[in-house]
Every structure is written in structure tokens, then in C-alpha cells.
Amino acid sequence: SNTNSKAGGLWLGKAGVSSGYLSVRDNLYVHLGTSSDTAAGVITFTDHTDTPKAQINTNGISFFNGGNVGIGTTGPSAKFDVSSAETGNYVAEFENTNADGHGVIITVGNSDNNRGALVLANSGGQFFYARNDGNVGIGNTAPSAGLHVQSSTSLDGLSTGLVVSGAASSAKRVMIGYDTTNDYGFITSVHAGTTWKPLILQPTTGAVGIGMTNPSVALDVTGDIEYTGTITDVSDERLKENITDFS
């Protein structure tokens, strides 16, 4: 090996070879191999028993094995802890540029349904909780169904948990929620700030059942019906017999 003072710094390398060196000047430079090398350059960090704990491989597997890794923090509280105080930027970005590629997969090695597979939180606490049994909670950290939405958001005077908007306008929407003050659930259609809109069930064909699971006509009700207003009976020639023209 060769140790020299080079450009005001420390240079470590093989005598007579200008590649494969470690240079310490204003910064630390590590040069691995030559331009003709096909093998990967590897830096390995070991503990006192020579067990590899971290490895940087320029053409293979790199790893950190032991302790927590922090980016933007000197006190990482998890295996990988990224912290940022930048305004207008995301903390992390994952991109697969392959048209047939996939995104990100998170695996939880336990089937216990109390485990969170993906949790999103802000300064007020957790607001999105994807559990490892497949249930997802929004505003709820103990989802009891495939999608469990809990919200106190008020829209158009209603405590709304779920909103489905039209493609052309987010103001035209169907809202689903539960009013805990007056103790009732609702589904309604509205053009926000304008007017309430019709709510259509089975718009093309099929049947609607109330109090039953096997409706046989367009509206099939088991139980009593109470109404105010007028029921209009629309005449349908297809349902009549012995039709005679008046002369």
C-alpha cells in the first residue's frame, strides 16, 4: 500500500496505481476500481467479531444490519426514520419508470388484526389506518369493516362521512353519513350551494326491497307504509285488459 500527502490531504492507495484509493481532503472520497473493472466496489463495516453490519456495493446488494437509520434526524426512532421541515416538498418519493412495474408493497408478518400495516398521522393523531386483516379505517383506528369511515365533517348542514362526486364537478355529489345528534343515518344527493338533487336507486332495471332481501317488483316493502302528499297512479296500457276505443 502507499500513503501520501496529496493536494493538502491524505491519500491511501496501492503504490503506482491511481485507482482504488481513499482520499481525505476537504471531503472524503472513495474511488473503487478502474474504468476497466467489471467487478463491483464494496465497502463493508463490521463489528468487533467481523460480522458485517453495513455494506455499500456499487453493483450489488447494499444493507444496514443493526440499529436505526435516520435521514434528517440524529435520533431515529424506527428502523428507517426520515424527517424533513421543508415547505412545499414531499418527504419521500418512490417511482417505478417501467410501464409494467409496480409501486410499493408493505408486508406485516403477523395476522393479528390489531396490527397496523399502513398508518398515516398528523399532529392531531392518526387519521388513516390500514390493518393487516384488510380493514381500512379513515378517522378510525379500529376499523370493523372493509372500509370504516368516521368523521365529524359538516357538509350542506349534514354530518357527512363519505362523499362521491361527479367527474365534471366536485360540488355535485352523493353524501353518506350518520347524524349522531339526531340519531339517524342518511344518503342524499346535492349540488352544493344550489339545490338538493334526486337520488336514484336502480336507474336502469332491477328492484328495491325494504325490510326484505328478495324484492320481486320495482319497490317491494315488508311492513307498514306511511306517507303525506299524493301518490300518482300512472296509467299503463300494458297492464290493462278489454280495451275499447270511445266513438
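## Thoughts on the sheet that holds strand 17 (residues 184-191)
Argument step 1. Strand order in the open sheet made by the 5 strands is 14-15-16-17-18, with antiparallel pairing throughout. Lying at the two open borders of the sheet, with one neighbouring strand each, are strand 14 (154-155) and strand 18 (195-197).
Argument step 2. Across 3 bridges, the pairing between strand 17 and strand 18 is antiparallel. Bridge pairing links His191 to Thr195 in strand 18.

## Some thoughts on the pattern of salt bridges
Argument step 1. Following the criterion strictly, the structure yields 2 salt bridges and no others.
Argument step 2. Linking Arg131 and Asp133 is a salt bridge whose minimum nitrogen-to-oxygen distance equals 2.8 Å.
Argument step 3. Since its relative accessible area comes to 12%, Arg131 is described here as buried.
Argument step 4. Where Arg173 meets Asp156, a salt bridge forms, and the shortest distance between an N and an O atom there is 3.0 Å. Here Arg173, found in strand 16 (residues 172-179), pairs with Asp156, found in the loop between strand 14 and strand 15 (158-165); they are 17 residues apart in sequence, far enough to count as distant.

## Description of the layout of surface pockets
Argument step 1. Of the voids in this model, the largest pocket is the one considered here, and its volume is about 290 Å³.
Argument step 2. Every residue along the wall of the largest pocket is listed here: Phe80, Val82, Val91, Ala92, Phe94, Val104, Ile106 and Leu118.
Argument step 3. In terms of residue class, the lining of the largest pocket is made up of 8 nonpolar, no polar and no charged.

## So, a nonpolar patch on the surface
Argument step 1. Judged by side-chain polarity, Phe94, Val104, Ile106, Leu118, Leu120 and Phe127 come together as a nonpolar surface patch covering roughly 590 Å² of accessible area.
Argument step 2. For Phe94, the position within the fold is in the loop between strand 9 (80-82) and strand 10 (116-122).

## Topic: the confidence of the model for the protein
Argument step 1. Looking at the protein as a whole, its pLDDT mean stands at 84, while 83% of the residues score no less than 70.
Argument step 2. No element of the protein has a lower mean pLDDT than strand 1 (residues 2-6), at 51, and none a higher one than strand 19 (residues 208-210), at 95.

## Let's talk about the pairing of strand 10
Argument step 1. In this sheet, strand 11 (residues 125-131) lies alongside strand 10 in antiparallel orientation, the contact comprising 6 bridges. Pairing of Leu118 across the sheet is with Ala130, part of strand 11.
Argument step 2. Counted along the chain from strand 10 to the antiparallel partner strand 11, the turn is 2 residues long.

Calculation rules
- Residues numbered from 1 in each chain as written.
- Predicted model: local features only at pLDDT ≥ 70, side-chain atom pairs only at ≥ 80, totals over all residues.
- Heavy atoms only, no water.
- Pairing = 2+ DSSP bridges.
- Helix = DSSP H or I, 4+ residues; strand = E, 2+ residues; numbered from the N terminus.
- Salt bridge = Lys/Arg side-chain N within 4 Å of Asp/Glu carboxyl O.
- Buried < 20%, exposed > 50% of the residue type's maximum accessible area, 1.4 Å probe, protein only.
- 1 Å grid on protein atoms, 1.4 Å probe; cavity = no way out; pocket = protein on both sides within 12 Å on 5 of 7 lines; lining within 4 Å.
- Points joined across faces, edges and corners; volume = space filled by probe spheres on them.
- Nonpolar A, V, L, I, M, F, W, Y, C, P; charged D, E, K, R; others polar.
- Patch = residues over 30% accessible without salt bridge, like charges linked within 9 Å, V, L, I, M, F, W, Y side chains within 5 Å.
- Areas by Shrake-Rupley, 256 points an atom, 1.4 Å probe, with all protein chains shown as cover.
- pLDDT = per-residue confidence, 0-100.

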